[in-house]
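Fold and geometry: a report
So you can see what is in the structure, the chains are spelled out below.
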Amino acid sequence: MLACDTPDAWMQFLDFAKKRCSQAAFENWLAPILLKSLTSDQVTLEVPNIFVKEYLLSNYREDLCAFLPVNKTGEPAIKFQIAPPKPRVPSTESKEKRVSLSSEAKEDQWKRECRLNQQYRFRNFIEGPSNQFLKSAAFGVASRPGTSYNPLFIHGGVGLGKTHILHSIGHYVGEHHRGKRIQCITTEQFINDFVDNLRNKSIAGLKNYYRKEVDVFLMDDIQFLQNRLNFEEELCNTFEALINQNKQIVITSDKPPGQLKLSDRMIARLEWGLVVHVGTPDLETRVAILQHKAEKKGLKISNNILFFIAEHIVDNVRKLEGAINRLSAQCRLMNMPITQELVEETLGELLQQVPQMKVSVDQILKSAATVFEVKLSELKGTGRTKKVALARQVAMYLAKLMIQESLVMIAASFGKTHSTVLHAHNAIEKRLETDSVLRRQIQMCRRQLGA
Ligand code: ADP
Ligand code: MG
């Protein structure tokens, strides 16, 4: 962990951030944050509301990692406390205020009210077989809001890009359908708004707002609605009102509608349009995501290392991002090249154990023979044509990676010496740095072997 050993770390972060943003942004977002405590493991911050937390994390995540303690998943180790509520500005007043703003300021205010993360754009979303369908469905909805799938319901595990896609829709609609009013909100915030308005007896205004002043309603993490009976009915009525006016609704969830503990009526509404699942990305997509994130940080990481990280972080894109953040912070501090040793040391427990499969040399040879289109007998024999020699080297490379045996034992199964296997392994590893066709062929072998 990058422990910060000075109590001034937060002040140093603020000094740094001040130089990176406008004075208005600093005054609005960062100045109101109160430092409550700071140890080498954790910092506690009091924020006026959840949006300040979101703003801080989405705009300064990696800088926070560089200045403040970092947790096991490579995220800044910050405990947030929400400050006790202050009287709310009535929504009518804020609307009047909006009218008197310049168009630029309006745009700015719109973006803030919309609560969209600036980084979550379609162009930053890396596609692969696990999320291609989601991306095109989301893009379809963003291009023609209210006219295609309604609601679009997105479900899948943690850290797989649901929120990213939801906000991408918001940005796209904002940029391409200027008149459309977008509301992007977490289910928790929706409930909190309702509670606040119930308290202030202004619930009718809020209901009206959702039903009359929203064209595109983006709701994140609807699983938080479970066991909240009163709000469920309210939300269901809102959904119906919006859909009846052809207003677009997009919802994310960690489960499909049928598995949510919600009323039958609500589940039927959620299933009304298109239900899309987002799965865990395959190895190549994980590598592409790592590459994209590393490039954005100006980090140079070799393909071998990217593959190594992608092979050991398999189930969550947020963790992949955490890995790049940690490496970036480490490199910035130590100014060191990124080697496998550095990766293992820096990422430590973030790297998952790859389950060892029981694969035999014979199976590996068969898969190499199929992929490289050579005869198995040639591969097992002493044939030395270029194609056969390459396929044999790949088989040895895979055997060294996939079989947990000593090199001597593996070499014996090939009828070779251990130095031949080692040589083959190193040769392939080197070639993989530049040869994308070979990378794909090896990926095909792995797939055949069930890896
Ligand atoms: P979820 O809402 O499904 O829990 P998020 O949308 O918050 O996941 O994604 C977690 C992080 O991973 C975000 O920073 C997001 O930008 C990133 N991410 C997820 N999927 C992708 C992807 N396909 N391409 C690029 N970044 C991604
Ligand atoms: Mg999310």
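Check the entry above for the structure.
A brief report on the enclosed structure follows.

Once that is clear, we can look at the overall build of the protein. Counting its regular elements, the protein contains 21 helices and 8 strands. Here the C-alpha coordinates of the protein stretch approximately 85 × 55 × 40 Å along the principal axes. Looking at the protein residue by residue over its 451 residues, the buried ones come to 48%. For the protein, the proportion of contacts with a sequence separation of at least 24, taken over those separated by at least 6, is 72%. A total accessible area of about 23000 Å² is found for the protein, and carbon and sulfur atoms account for 51% of it. Computing the positive centroid from 61 side-chain charges and the negative centroid from 49, the protein places the two 3 Å apart.

Close to ligand 1 lie 18 residues, the nearest being Gly159, Lys162, His164, Arg318 and Glu321. With respect to ligand 1, the side chain of arginine 318 contributes an N or O atom lying 2.7 Å from an oxygen atom. Here an oxygen atom of ligand 1 and a side-chain polar atom of glutamate 321 are 2.7 Å apart. Burial of ligand 1 by the protein chains amounts to 95% of its free accessible area of 560 Å². Elements with a contribution of two residues or more to the shell around ligand 1: α7 (162–176), α12 (283–296) and α14 (317–334). The class makeup of the residues in the shell around ligand 1 is 7 nonpolar, 7 polar and 4 charged.

By convention here, two paired aromatic rings are described through the distance between centres and the angle between planes. Within this structure, the stated rule accounts for 13 aromatic pairs. With a centroid separation of 5.4 Å and 50° between ring planes, the pair formed by tyrosine 210 and phenylalanine 217 is classed as tilted. Each member of the aromatic cluster is reached from another via a ring pair, and the members are Phe190, Phe194, Tyr209, Tyr210, Phe217 and Phe239. The ring centre of tryptophan 272 lies 4.4 Å from the NZ or CZ of arginine 269, which sits over that ring.

Of all hydrophobic cores here, the largest spans 51 residues; its most connected members are Leu152, Ile169, Ile301, Ile309 and Ile338. The contact partners of isoleucine 169, leaving out residues within four places of it in the chain, are Phe122, Ala138, Val141, Ala142, Leu152, Leu218 and Val250. Counting residues in hydrophobic clusters, the runner-up holds 32 residues, among them Ala369, Leu379, Leu398 and Ile410.

What follows covers the sheet that holds strand β3 (residues 78–82). Sheet strands pair by backbone hydrogen bonding; their relative direction is either parallel or antiparallel. In space, the 3 strands of this open sheet follow the order β1-β2-β3, with mixed pairing throughout. Looking along the sheet, the strands with just one partner apiece sit at the ends: β1 (34–38) and β3. Adjacent strand axes in the sheet meet at a mean angle of 25° when their direction is disregarded. Judged from the 4 bridges that link them, β1 and strand β2 (residues 43–47) form a sheet pairing that is antiparallel. By the bridge assignment for β2, leucine 38 is matched with valine 43. The sheet strands contacting helix α3 (residues 50–67) are β2 and β3, and the helix crosses β3 at an angle near 160°.

Per the stated rule, a full pass over the model turns up 19 salt bridges. Note that aspartate 215 is salt-bridged to lysine 247, the shortest N-O span being 3.6 Å. Here the residue aspartate 215 occupies a position in the loop between α9 (203–212) and β6 (216–220), and lysine 247 occupies one in the loop between α10 (229–244) and β7 (248–253), the gap between them amounting to 32 residues. Just as aspartate 215 is buried, lysine 247 falls in that class too. When salt bridges that share partners are traced, they join Arg181, Asp215 and Lys247 into one network.

All right, on to the side chain of glutamine 183 then. Position of glutamine 183 among the secondary structure elements: in strand β5 (residues 182–186). A polar contact is formed between the side chain of glutamine 183 and the side chain of tyrosine 209, at a distance of 2.8 Å. Leaving out residues up to four positions away in the same chain, glutamine 183 has contacts with Arg115, Tyr209, Tyr210, Val214, Val216, Phe217 and Leu218.

Now for the pairing of β6. With 5 of its 5 residues buried, β6 lies for the most part within the structure. On β6, burial covers both faces: Val216, Leu218 and Asp220 on one face and Phe217 and Met219 on the other are all buried. Looking at chain direction, β5 and β6 are connected through 5 bridges and run parallel. Counterpart to isoleucine 185 in the pairing with β6 is methionine 219.

Below, the discussion takes up the sheet that holds strand β8 (residues 274–278). Reading across the sheet, the 5 strands line up as β5-β6-β7-β4-β8 and stay open at both edges, with parallel pairing between neighbours. Every other strand in the sheet has two partners, leaving β5 and β8 as the edge strands with one partner each. Along the sheet, successive strands turn relative to each other by an average axial angle of 15°, direction set aside. Pairing of strand β4 (residues 152–156) with β8, which is carried by 5 bridges, proceeds in the parallel orientation. By the bridge assignment for β8, phenylalanine 153 is matched with valine 275. The strands touched by helix α6 (residues 132–143) within the sheet are β4, β7 and β8, with β8 carrying the most contacts at an inclination of about 140°.

Conventions used here
Residues numbered from 1 in each chain as written. Chains lettered and ligands numbered in written order. Predicted model: local features only at pLDDT ≥ 70, side-chain atom pairs only at ≥ 80, totals over all residues. Heavy atoms only, no water. Helix = DSSP H or I, 4+ residues; strand = E, 2+ residues; numbered from the N terminus. Buried < 20%, exposed > 50% of the residue type's maximum accessible area, 1.4 Å probe, protein only. Contact = heavy atoms within 4.5 Å. Areas by Shrake-Rupley, 256 points an atom, 1.4 Å probe, with all protein chains shown as cover. Lys, Arg positive; Asp, Glu negative; His and termini not counted. Charge placed at Lys NZ, Arg CZ, Asp CG, Glu CD. Near = heavy atom within 4 Å. Polar contact = N/O pair within 3.5 Å; in protein donor to acceptor, adjacent residues only side chain to side chain. Nonpolar A, V, L, I, M, F, W, Y, C, P; charged D, E, K, R; others polar. Phe/Tyr/Trp six-rings, centres within 6.5 Å; stacked < 30°, edge-to-face > 60°. Lys NZ or Arg CZ within 6 Å of the ring centre and 35° of its normal. Core = buried A, V, L, I, M, F, W, Y, C linked by side-chain atoms within 4.5 Å. Pairing = 2+ DSSP bridges. Axes fitted to C-alpha atoms, helices over the stretch in contact; angles between N-to-C directions. Salt bridge = Lys/Arg side-chain N within 4 Å of Asp/Glu carboxyl O.

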